[in-house]
Amino acid sequence: MKQKEKKLIAERLNVLVANTAVLLMQTLNYHWNLKGPEFNDYHKLFNQQYDDLFVYLDDLAERVRVVDGIALGSMDAMIKHATIKEDKGKVPTPQQMIQKLFEQYEYQIAEYRDVIKFLEKDTDDFGSINLLEDMLMKHEKTMWMLRSLLGR
Ligand SMILES: [Fe+2]
């Protein structure tokens, strides 16, 4: 791959890195501060989700390195590059947490699709395409679970 092409790929991947870091921190927040009768179920669900997000974060950041980029590595950089806004208000109700996550996963899935389309059209980076397609499917499964919890 050309140097210019790799730079563009790293930039797009780093946005996914930043969004994943924001989602990870927020999911930890929900896992810790959740209150109410749903505690046990949601506490476990959020645990599963942050475990998954950590794996995505690590795989995405390492892929940035594979294409010769510099992986974002500070909280400051994550916030600056993220296109998902973190929920930093007061602790939401359990139902609001699920609603918020549902919207954010929906957004993140659209970002994944967008980056995959870019990779397919403008690059021959089949490795990144393969990685992102796999992660996209996993995000879709999580969104299905969140949607079901919302009764939709
Ligand atoms: Fe925990």
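Since this is a predicted model, take the numbers as computed values, not measurements.

**Details of the side chain of Asp125**
Here's step 1: When you line up the elements, Asp125 lands in the loop between helix H4 (94-122) and helix H5 (126-149).
Here's step 2: Setting aside residues up to four positions removed in sequence, Asp125 forms contacts with Met1, Ile9, Arg63, Val67 and Leu119.

**Examining the packing of aromatic side chains**
Here's step 1: According to the stated counting rule, one finds two aromatic pairs in the structure shown.
Here's step 2: Residues Tyr30 and Phe46 carry aromatic rings whose centres are separated by 5.9 Å and whose planes lie at 55° to one another, so their mutual orientation is tilted. Pair noted here: Tyr30 is in helix H1 (residues 3-33) and Phe46 is in helix H2 (residues 39-66), with a separation of 16 residues, a long-range link. The pair formed by Tyr30 and Phe46 is uniform in burial state, with each residue classed as buried.
Here's step 3: For the pair Tyr42 and Phe46, a centre-to-centre distance of 6.0 Å together with 55° between the ring planes defines the contact as tilted. Here the residue Tyr42 and the residue Phe46 both occupy positions in helix H2, the gap between them amounting to four residues, near one helical turn. Residues Tyr42 and Phe46 agree in their burial class; the two are buried.
Here's step 4: Through a chain of ring-to-ring contacts, three or more aromatic side chains come together here, namely Tyr30, Tyr42 and Phe46.
Here's step 5: Geometry around Phe118 places Arg12 over its ring, the cationic atom sitting 5.2 Å from the centre.

**Some remarks on the layout of surface pockets**
Sizing a probe to match a water molecule and rolling it over the atoms shows the empty space that remains.
Here's step 1: When its volume is computed, the largest pocket comes out at roughly 190 Å³.
Here's step 2: Residue lining of the largest pocket: 13 residues in total, with Lys7, Ala10, Glu11, Asn14 and Ile70 positioned closest to the centre.
Here's step 3: The element that contributes the greatest number of residues to the lining of the largest pocket is H1, accounting for seven residues.
Here's step 4: Its residues assigned to classes, the lining of the largest pocket comprises five nonpolar, four polar and four charged.

About the thresholds
- Residues numbered from 1 in each chain as written.
- Predicted model: local features only at pLDDT ≥ 70, side-chain atom pairs only at ≥ 80, totals over all residues.
- Heavy atoms only, no water.
- Helix = DSSP H or I, 4+ residues; strand = E, 2+ residues; numbered from the N terminus.
- Contact = heavy atoms within 4.5 Å.
- Phe/Tyr/Trp six-rings, centres within 6.5 Å; stacked < 30°, edge-to-face > 60°.
- Buried < 20%, exposed > 50% of the residue type's maximum accessible area, 1.4 Å probe, protein only.
- Lys NZ or Arg CZ within 6 Å of the ring centre and 35° of its normal.
- 1 Å grid on protein atoms, 1.4 Å probe; cavity = no way out; pocket = protein on both sides within 12 Å on 5 of 7 lines; lining within 4 Å.
- Points joined across faces, edges and corners; volume = space filled by probe spheres on them.
- Nonpolar A, V, L, I, M, F, W, Y, C, P; charged D, E, K, R; others polar.

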